[in-house]
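# Residue-level structure breakdown
What follows is each chain in one-letter form.
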Amino acid sequence: MIRLGSSRLPWAPIVALLSVGIALSPAACPAPAKPVEAPAKPVALNGTVVKKLETSEVPHGSRVQARPGDWLISGPLVRAVVAAESGALLDFTVKDFRLDALDELSSVVVLGAMPALLRPTGVVAEGVDGRAELRVERVSTDGRLRVTDRIAPAAGGLVLSTKVTNVTKDPVRVRIGDRLRWYGRLPFAPHQGYVESAKRAAVDFLARPGARMSYALFADTGQLDVDFRVSLRGPTEQLAVGPEREVLAGQSVEQRRHFVVTPGGLDAVARLAWAARGVRLGRARGKVDLHESWGLVEAYDATGGLVSVVEPTADGSFELALPPASYRLELRSPGGTDVQQAKVAAGEAAEVSFIAPAPASVAYRVTDANGDLLPARLNFSGIAPTTDPVLGPPHLAAGAGNASYAWTGEGRVALPSGRYRVTVSHGIEYTLDEQEVEVSRSEGVVLRSTLKRAFELPGVVGCDFHVHAEPSGDSDVPLEDRVQSLLSEGVGFAVATDHNHVTDYSPAVRALSSSRRLETGIGVELTTRDWGHFNAWPYPNGVELPPIPDLAPRELFQAVRQAAPGVVIQVNHPRMGPDIGYFDQAKLDPRALTAEREGASFDFDTVEVYNGFELPNPAEVEKNLSDWFALLEANKRVVAVGNSDSHQLSAQWVGYPRTMVTVPDGAESFAVRVATALRAGHATVSNGPVVELAVEGKGLGELVAAKGDRVHARAVVHAAPWVDVTGVDFVVNGAIAEHADLSGPGAVERDLTVSRDSWVVAIARGNAPLPILFGIRALPFGMTNPVYVDHDGDGEFRKASQ
């Protein structure tokens, strides 16, 4: 089985961690000293400018972290922003900051095995050698080192220079380099390919390829030793350093690096990097008839390491710039692969003649029990010796990895000849259909599939309150393709939550003119620099966002509520490391409702106890549950939600998990009615099993008047036949009070002991992995929000004085 997001695939579906902050987190070192004030006038020399940003000059973009007082560096082709407090590079682009995909680059000095803790002491604009540059002065917190960074614009990018001076009487050994964090795709290095797991390697350059713009970092001379670091969400950062060098007492060493950016993909930025390192390149070029809408040409070295990738142009032409060597060139296309050998010489072009295999075809029609066309997701798994097909990049609904989103219910899929198992699905409320097909170029196959509703809950709508698309900057999914995926997965209500960008799906919904109903909400993911991520919806379209990087949560939440009355504020992935979990960043104590960090706030409505990146990690969900239970025990009525946080269309399945909300009828907009029901707690969380809970006949979010120390609870578990259900836990005040074994969906009743005002939650689990989440091993899980019990008879649940 081909792993979606393997090093062979340039369309990596794993999204790099959206971390924000300075090079050393607040927990790791003392707060920086106030930098030395710089001259008020900008420095401008020969087309290069370094100046402080005024409020009116702060650039805009979903990824931009600049704030007033930061430094703007401009060259003939590039623009960058450096943080005034830390000297970290925050934003970097080819003039248009809306394309910015950088999170942060900070120089590091490694002593032994660990980066030294450095404290900024001054940031100054200067004119040196006929160009403007920025000088950042720092000292190590142990007093051993004085560090001077210089950042200057150059052709195609920035020149980064770090000088380390030993101010002690003893020699020290140091390595100089950079800590690099960026959004979206997997990091790439020649001969290593796309790196998705933790490893260490010596590389010629480190790249972040993008669809519209790409970056690369490399040393002036020699290779960089790169430590590739990962988290639950995939790659988080890369620590790239040069060779270890001895610095004698009172002496200095210096190292230069280059950070370049260019429009285009990997081949474009690789050309820049190779040329700047003095490598005289050759070319491999040709033209191929692709038959379908996508294709790739990949170059592999003698050891099988991926060196570079290019997408053919619309007419099938391609050209790869490569260092002189012998390569295995591989064409990947809907019909399969073709392999050619090429010897590339400096300054010359090697002609390559590919033959794109003609694809086979599966024509499909998916209907419901009434015979009406039904949107669906089709997954194709190869039956040995056939491998899993790659139907296209993970951001296009027609083909994303091994999935195709049949949002109209009928169509055709092009794929290599072979034998496949096709899994047809429409979300958690419908059956699955699995069929085996064998296709060839001469004989196509017709696939007819009927999916039946496995259970129906009147008034209950499957919702995903955390979804990304192109406006995020770390997602390439077009808005219409995102809507197609939501329709296919049976999501009834979705909120667009792109990073620091207010997005509205409704124009894309109207453009598709689907016969199936999809309600949407306008929203935004408030992506802060070092506090975490928060969703806000419904947010009025056209209303300006507050200055997110400038505000702590207390002020940020107030500003959002003022701008959007009735907004739901959601804490996303509250403990997700290393630095995007709000509860960790603020050092929250949910049981005491306190926070160590000034500016924190508990003024949020919902908390994401289950995030799609946590599907294969139930232990992470249990941590979130523990925090949520603590909030409830502290009498903080925050509502639990589950969302996909999907950035792609393969290996990040939208609607898994989802929040099932009981939405009342009314005159208000659908989004307002969902928000009202959600705040009231009329919601459950599910990746497959859906749990209903009643206590003494009262439902979720309601208050029960207890007549003694015992209350009667009834849980009903609904699940499609493909969802394993083995048991239900009744949780009272954070502890499991009763457990009931199950052998499938059904009802369970128990009498529960309550000795005080209490809250009751039901949780259903299963032991067999969900077969619908290809590439992810996830166990069935469903949970309710609380039913509240008034034990003392005062008509309330735990007065504030309790």
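Residues numbered from 1 in each chain as written. Predicted model: local features only at pLDDT ≥ 70, side-chain atom pairs only at ≥ 80, totals over all residues. Heavy atoms only, no water.

Quick look at the overall build of the chain now. When helices and strands are counted, the chain shows seven helices and 56 strands. Taking 28 Å as the expected radius of gyration for a compact globule of 802 residues, we find that the chain reaches 28 Å, a close match to that expectation. With respect to the principal axes defined by its C-alpha atoms, the chain has extents near 85 × 75 × 45 Å. Looking at the chain residue by residue over its 802 residues, the buried ones come to 61%. Excluding contacts between residues fewer than 6 apart, the proportion of contacts in the chain whose partners are at least 24 apart in sequence is 67%. Charge-centre separation for the chain: the mean point of 79 positive side chains lies 5 Å from the mean point of 96 negative side chains. (Helix = DSSP H or I, 4+ residues; strand = E, 2+ residues; numbered from the N terminus. Rg over C-alpha atoms; globule rule 2.2 N^0.38 Å. Buried < 20%, exposed > 50% of the residue type's maximum accessible area, 1.4 Å probe, protein only. Contact = heavy atoms within 4.5 Å. Lys, Arg positive; Asp, Glu negative; His and termini not counted. Charge placed at Lys NZ, Arg CZ, Asp CG, Glu CD.)

Take the pairing of strand E38 (residues 519-522) next. The two faces of E38 match: Glu519 and Gly521 on one face and Thr520 and Ile522 on the other face are all buried. Note on the crossover from strand E37 (residues 493-496) through helix H3 (residues 506-512) to E38: the handedness is right-handed. (Right-handed = clockwise from strand over helix to strand, strands pointing away.)

Once that is clear, we can look at the nonpolar core. The biggest cluster of nonpolar side chains holds 94 residues, and the ones touching the most others in it are Tyr582, Phe604, Trp628 and Leu693. Not counting residues up to four positions away in its chain, the partners in contact with Leu693 are Lys698, Gly699, Leu700, Ala713, Arg714, Ala715, Phe730, Val760, Val761, Ala762, Thr784 and Val787. Listed in part, the 38 residues of the second largest apolar core include Val82, Ala84, Leu160 and Met213. (Core = buried A, V, L, I, M, F, W, Y, C linked by side-chain atoms within 4.5 Å.)

Now for the environment of Glu244. For Glu244, the location among the structural elements is in the loop between strand E19 (234-241) and strand E20 (245-247). Looking at Glu244, the relative accessible area reads 40%, which means it is partly exposed. With 145 residues separating them in the primary sequence, Glu244 and Leu99 have C-alpha atoms 35 Å apart. Side chain to side chain, Glu244 and Arg173 meet in a polar contact 3.1 Å long. (Polar contact = N/O pair within 3.5 Å; in protein donor to acceptor, adjacent residues only side chain to side chain.)

What follows covers the pattern of salt bridges. All chains considered together, the criterion is met by 49 salt bridges. Between Glu126 and Arg150 there is a salt bridge, with its nearest N and O atoms 2.7 Å apart. In this pair, Glu126 is assigned in strand E8 (residues 118-128) and Arg150 in strand E10 (residues 145-154), connecting sequence segments 24 residues apart. For Arg150, a relative accessible area of 27% puts it in the partly exposed group. With a shortest N-O distance of 3.7 Å, Arg283 and Glu319 are connected by a salt bridge. With Arg283 in strand E22 (residues 282-287) and Glu319 in strand E25 (residues 317-322), the pair connects residues that are 36 residues apart, well separated along the chain. (Salt bridge = Lys/Arg side-chain N within 4 Å of Asp/Glu carboxyl O.)

What follows is about unusual backbone geometry. With glycine set apart, most residues show a phi of negative sign, and most peptide bonds adopt trans. In this model, Trp537 is joined to Pro538 through a cis peptide bond whose omega is -15°. Counting through the fold element by element, Pro538 comes out in the loop between strand E40 (533-537) and helix H4 (553-563). Tyr656 connects to Pro657 through a cis peptide bond whose omega is -5°. Mapped onto the elements of the fold, Pro657 is located in the loop between strand E45 (639-643) and strand E46 (658-662). A positive phi angle, near 65°, is found at Lys95, a position not held by glycine. Take Lys95: it is sitting in the loop between strand E5 (89-93) and strand E6 (102-111). Positive phi is not limited to glycine here, since Asn500 has a value of about 50°. Along the chain, Asn500 falls in the loop between E37 and H3.

Here three strands make up an open sheet; going across it, the order is E25-E22-E28 and the pairing mixed. Edge positions in the sheet fall to E25 and strand E28 (349-351), since each has one partner strand and no second. Between one strand axis and the next, the sheet turns by 20° as a mean value, whatever way the strands run. Where E22 meets E28, three bridges bridge the pair, whose relative direction is parallel. In the strand pairing of E28, Arg285 is matched with Glu351. (Pairing = 2+ DSSP bridges. Axes fitted to C-alpha atoms, helices over the stretch in contact; angles between N-to-C directions.)

Per-residue confidence for the chain averages 91 on the pLDDT scale, and 94% of its residues sit at or above 70. Within the model, the stretch residues 1-40 combines pLDDT values under 50 with 137 contacts to residues more than four positions away or in other chains. (pLDDT = per-residue confidence, 0-100.)

Okay, the packing of aromatic side chains next. Enumeration according to the criterion identifies 22 aromatic pairs in this entry. Look at Tyr610 and Phe781: their rings are 5.5 Å apart centre to centre, the planes differ by 85°, and that puts the pair in the edge-to-face class. A residue pair is termed long-range when its members are at least 10 positions apart, and Tyr610 in strand E44 (residues 606-611) and Phe781 in strand E55 (residues 781-784) qualify at 171 residues. By the burial criterion, Tyr610 is buried, and Phe781 matches it. Here the aromatic rings of Tyr788 and Phe797 are separated by 4.8 Å at their centres, their planes lie at 65°, and the arrangement is edge-to-face. Neither Tyr788 nor Phe797 differs from the other in exposure class; each is buried. Residue placement shows Arg328 over the ring face of Tyr300; its charged tip is 4.4 Å from the ring centre. Over the ring of Tyr656 we find Arg658; its NZ or CZ atom is 5.0 Å from the centre of that ring. (Phe/Tyr/Trp six-rings, centres within 6.5 Å; stacked < 30°, edge-to-face > 60°. Lys NZ or Arg CZ within 6 Å of the ring centre and 35° of its normal.)

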